[in-house]
Amino acid sequence: MTLPAQILVTFDFTSGATFGYGFTLDDDKYGLLNTGTLSANSTPEPTVDLTPNVRSINIRRGRNIMRDTYEAGTCTVRVYDSDGSWNPQNVNSIYYPFLTPLRKLRVSATVSGVDYYLFSGYTTDYKYSYDQAENVGYVDITCSDAFRLMQQATVTTVASATAGQDTGTRIGKILDQVSWPTSMRSIDTGGTSTLCQVDPGTSRTSLDALKNCEFSEQGAFYIDQEGTANFLSRTNVIKKAGDTPIEFDQTTGIPYTNLVFAFDDKLIINSAGMTIIGGTQQIAEDAASIAKYFSHQLNESNLVAQTNADALNIAQIYVATRAETTIRIDSMSVDLLDTDVPTATMLALDYFSNLKITNVQPDGSTIVKTLQAQGLDWNITPNSMKVTVTTLEPIVEGFILDSAISGIIDTNILAY
């Protein structure tokens, strides 16, 4: 069966965080100066096309809805190895001894000449196995996105992290501290962002430092499919909810299966205590929610925000966004082999894509939810291509003018 997109899996032997293609003499695309990547070792090819031998691809990226945070994206690629070239222990392999951890792997899909990346990350494990007769070898290459690198890098004092910087600028300083490539950043700075204190100079992972800024801003910091570190300010996270949604339904929209409903109290927060470094705890509560659902409390401390007033703003908007619950749609699955599914639309989905999901219940009633994509799990084989989309209400809310969903007076909240 032919897949609706041309899949490409590349393995990059070069060192460093930056993704690229090897410099290839006489090649029209990768033989151009300032385009191809010069290899840092003596492997036969800096970048190898694994696609002909790939048997399955499993990609998992997204927000942990219980922990309310983005987690490291992962990818496992199973490769058929007819001659032992991809066995890390095979001293006769042309790739020996270059099959090491933290090499670069990318998965992309091409439709109508347009490339869509599904994952860009770094190898963490090679698991070699054989069939029952031990005649055929397979290697499962497991990868993680850049969150893993940031979790491994410890920072103390962050250079030039002075008081009064907005959270985007501070995130840039932290990325500078761990030498994260400037070409792999998309960072919101300025605007109405929360301001930061001087860096505390404590020992912590760079990922913890980055997430402190993210939470203090009530923004979003994540790694996208191309491997780029993204930071959206609170203002731009809120604005995302105003984008035109993609329609999914059982008749005229994009078809789906395995809709997962939930109606519980798991995501309710109606009491929040926020404390900045050196500050006093600031508490916000929703009395009506507490009376209805009992107390659901969250406390966060050592926030890098500058003032107690900032801490109170964080507590208030956090509670305002999460004090109520409703019927949720936690996920849905889409089969790209279905001819009614627009392949390019599904490949272009990423965090904050708005989705309008319509579902007809057995009694004939209809549930309509406008949500945001906050997770994408891809499962691809030579004969199948499916994605499970994790969906959530906006992670922070605000009033959006002229929006039929987020611009309702006395319903939608005013953000700070």
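Residues numbered from 1 in each chain as written. Predicted model: local features only at pLDDT ≥ 70, side-chain atom pairs only at ≥ 80, totals over all residues. Heavy atoms only, no water.

Participant: What is the right way to look at the nonpolar core in this model?
Facilitator: Soluble globular proteins tend to pack their nonpolar side chains together in the buried interior. Among the nonpolar cores identified, the biggest contains 50 residues, and Ile57, Leu105, Val107, Met346, Leu347, Trp378 and Met385 are the most heavily contacted of them. Element by element, the count of residues in this core is highest for strand S20 (residues 366-381), at five residues. Residues Trp180, Ala229, Ile238 and Val396 belong to the second largest nonpolar core, which totals 35 residues. (Core = buried A, V, L, I, M, F, W, Y, C linked by side-chain atoms within 4.5 Å. Buried < 20%, exposed > 50% of the residue type's maximum accessible area, 1.4 Å probe, protein only. Helix = DSSP H or I, 4+ residues; strand = E, 2+ residues; numbered from the N terminus.)

Participant: Can you help me understand the sheet that holds strand S12 (residues 229-232) in this one?
Facilitator: What holds strands together in a sheet is hydrogen bonding between their backbones, with the strands either parallel or antiparallel. Pairing in this open sheet of three strands is mixed, and the strands run S9-S12-S11 from one edge to the other. On the outer flanks of this sheet lie strand S9 (185-187) and strand S11 (220-223), each paired with one strand and no other. Direction aside, neighbouring strands of the sheet carry axes that sit 10° apart on average. Direction of pairing for S11 relative to S12: antiparallel, over a ladder of four bridges. Each bridged residue has a counterpart across the sheet, and for phenylalanine 221 the counterpart in S12 is phenylalanine 231. Along the sheet, helix H2 (residues 167-177) contacts S9, S11 and S12; its crossing angle with S9, the most-contacted strand, is approximately 155°. (Pairing = 2+ DSSP bridges. Axes fitted to C-alpha atoms, helices over the stretch in contact; angles between N-to-C directions. Contact = heavy atoms within 4.5 Å.)

Participant: Just to check I follow, could you spell out the confidence of the model for the chain for this structure?
Facilitator: For residues with low pLDDT, the predicted coordinates do not support detailed interpretation. Looking at the chain, pLDDT values average 90 and 88% of them are 70 or higher. Residue range residues 21-43 is modelled with pLDDT below 50. Its contacts to residues more than four positions away, or to other chains, number 37 contacts. Counted against residues more than four places away or in other chains, residues 405-410, with its pLDDT under 50, gives 13 contacts. (pLDDT = per-residue confidence, 0-100.)

Participant: I would appreciate a short explanation of the packing of aromatic side chains in the present structure.
Facilitator: For any pair of aromatic rings, the description consists of the separation of the ring centres together with the inter-plane angle of the planes. Summed over all chains, the structure comprises 13 aromatic pairs. Seen from their ring centres, phenylalanine 11 and phenylalanine 13 are 4.8 Å apart, and the 55° between their planes marks the pair as tilted. Given a relative accessible area of 1%, phenylalanine 13 falls into the buried group. For the ring pair tyrosine 70 and tyrosine 222, a centre distance of 5.5 Å and an interplane angle of 45° mean the geometry is tilted. Of this pair, tyrosine 70 sits in strand S4 (residues 69-81) while tyrosine 222 sits in strand S11, placing them 152 residues apart in sequence. We note that tyrosine 70, like tyrosine 222, is buried. Residue placement shows arginine 78 over the ring face of tyrosine 138; its charged tip is 5.1 Å from the ring centre. Between arginine 322 and the ring centre of tyrosine 318, over which it is positioned, the NZ or CZ distance is 3.7 Å. (Phe/Tyr/Trp six-rings, centres within 6.5 Å; stacked < 30°, edge-to-face > 60°. Lys NZ or Arg CZ within 6 Å of the ring centre and 35° of its normal.)

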